[in-house]
Amino acid sequence: MNLSIRNGFLVSASVQVLLLLVMTAIGAVYFQRLVEAAQIQAEARSLQAAMQQTLRGVGEMLLTEGTSSSSKTLSREAVAKVEQQLQVLQQSVPAAQAGKTEVLPQAQWNSVRELVLRMAERKKLSIDDVDLMVQFGKMLASGAELIAVIDKFVAEAAQAEHNAKRTMVLVVSSGLAIWLLAMAAISRALYRSVLTPLNEA
C-alpha cells in the first residue's frame, strides 16, 4: 500500500526525530564512557608521578644524610599525594573493574610509606647504617614493583580510552549510515506515492 504524500512526510519527520533521539542518547552514553576513561588515565598518571617523586625524595634524603629539610618536606608531600590520588582513582574506577583490578597493592604501599615517613622524621641519616640501608634496599625493590603495577594500570587506562573513542566513532558512524538508509527508503516510498497516481491518471 502506497503512502499518501501527507502521511509520508509525517512518517519521514517522525523517523528522523526518532533516529536523531536514539543516536543522541547512544552517543551521549559512549561519550560519557570516553570522558571517564580519559579521567582515569589522567589520575593514574598523577599517581605514577607522585610515586616516582616519593622514591626520588628518599634518595635525596640519603644523599643529604637527612640534613635537607626541603627533601623531607617533599617526601612527606609526595606520600600525601600518593594517598590522595590513590583514593581519587579508586573512586573513579567503575565498580565492575574495581573488583578485578587493584590499583596499588596496599600491603606493599604501606611498607614503603611507613619507611619514607620514618626516614623523614630522623634528624640524621647515614649510608653507614647497615639496618637503614637494608630497609632502603627493600623499599626500593617494593617501590619498583609498585611503579611497574602503576605503569601497567596506566597502559590499561590508555587502552580503555582508545577503545571507548573507537567504539563511539563506530556507533555514531553506524547510526548515521542507518539514518541515511532510512531516509533513502522513505524518499523512495514518497516518490512512488506521488508517481503512482500520475501513472494511473
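Structure shown above.
Residues numbered from 1 in each chain as written. Predicted model: local features only at pLDDT ≥ 70, side-chain atom pairs only at ≥ 80, totals over all residues. Heavy atoms only, no water.

Next up on the list: the side chain of Ser142. Topologically, Ser142 is positioned in helix H5 (residues 130-200). If near-sequence neighbours (up to four positions away) are discounted, Ser142 is found in contact with Gln108, Ser111 and Val112. (Helix = DSSP H or I, 4+ residues; strand = E, 2+ residues; numbered from the N terminus. Contact = heavy atoms within 4.5 Å.)

A few words on the pattern of salt bridges. Inspection of the entire model under this criterion finds two salt bridges. Close ionic contact of Arg76 with Glu121 constitutes a salt bridge, the shortest N to O distance being 3.5 Å. On the criterion of sequence distance, the pair formed by Arg76 in helix H2 (residues 69-92) and Glu121 in helix H4 (residues 106-121) is long-range, its members being 45 residues apart. The class of Arg76 is partly exposed, set by a relative accessible area of 32%. We classify Glu121 as exposed; its relative accessible area is 57%. (Salt bridge = Lys/Arg side-chain N within 4 Å of Asp/Glu carboxyl O. Buried < 20%, exposed > 50% of the residue type's maximum accessible area, 1.4 Å probe, protein only.)

All right, on to the environment of Val93 then. Within the secondary structure, Val93 is located in the loop between H2 and helix H3 (95-98). Measuring from C-alpha to C-alpha, the distance between Val93 and Gln39 comes to 9.6 Å, with 54 residues separating the pair along the chain.

Let's shift gears to the packing of H2 against H4. One way to put it is that H2 packs onto H4 with a least axis distance of 9 Å and a crossing angle of 155°. Classified by the angle between their axes, H2 and H4 sit roughly antiparallel to one another. Relative to H4, the crossing made by H2 is left-handed. When H2 is examined against H4, the residues Lys72, Ser75, Arg76, Val79, Val82, Glu83 and Leu86 are found in contact with a partner set consisting of Gln106, Trp109, Arg113, Val116, Leu117, Met119, Ala120 and Glu121. Partitioning the contact of H2 with H4 into residue classes produces eight nonpolar, two polar and five charged. (Axes fitted to C-alpha atoms, helices over the stretch in contact; angles between N-to-C directions. Parallel < 35°, antiparallel > 145°, perpendicular 65-115°, else oblique. Left-handed = near helix turned anticlockwise from the far one by under 90°. Nonpolar A, V, L, I, M, F, W, Y, C, P; charged D, E, K, R; others polar.)

Moving on, we come to H4. Taking 1.5 Å as the rise per residue, H4 with 16 residues should run 22 Å; its terminal C-alpha atoms sit 22 Å apart, in good agreement. Every buried residue of H4 is accounted for by Trp109, Val112, Arg113, Leu115, Val116, Met119 and Ala120. Considered in projection along H4, the buried side chains sweep an arc of 165° and stay on one side of the axis. Seen from the buried face of H4, the exposed residues on the opposite side, beyond 90 degrees, are Ala107 and Glu121. (Expected span 1.5 Å × (residues − 1). Arc of directions from axis to C-beta.)

Judged by nonpolar contacts, the single largest core of 30 residues is most densely connected at Met51, Val58, Leu89, Trp109, Met119 and Met139. Counting residues per element, the ones that place at least two in this core are helix H1 (5-63), H2, H4 and H5. With near-sequence residues (within four places) excluded, Val58 lies in contact with Ser75, Val116, Met119, Phe136 and Met139. (Core = buried A, V, L, I, M, F, W, Y, C linked by side-chain atoms within 4.5 Å.)

Another aspect to go through is a nonpolar patch on the surface. Together, Leu18, Val22 and Ile26 give the surface a local cluster of nonpolar side chains, amounting to about 240 Å² of exposed area. Within the secondary structure, Val22 is located in helix H1. (Patch = residues over 30% accessible without salt bridge, like charges linked within 9 Å, V, L, I, M, F, W, Y side chains within 5 Å. Areas by Shrake-Rupley, 256 points an atom, 1.4 Å probe, with all protein chains shown as cover.)

The next thing to look at is the side chain of Gln41. Structurally, Gln41 can be placed in helix H1. Look at Gln41 and you get buried, because its relative accessible area is 11%. Beyond its immediate sequence surroundings of up to four residues, Gln41 is in contact with Ala157, Ala158 and Glu161.

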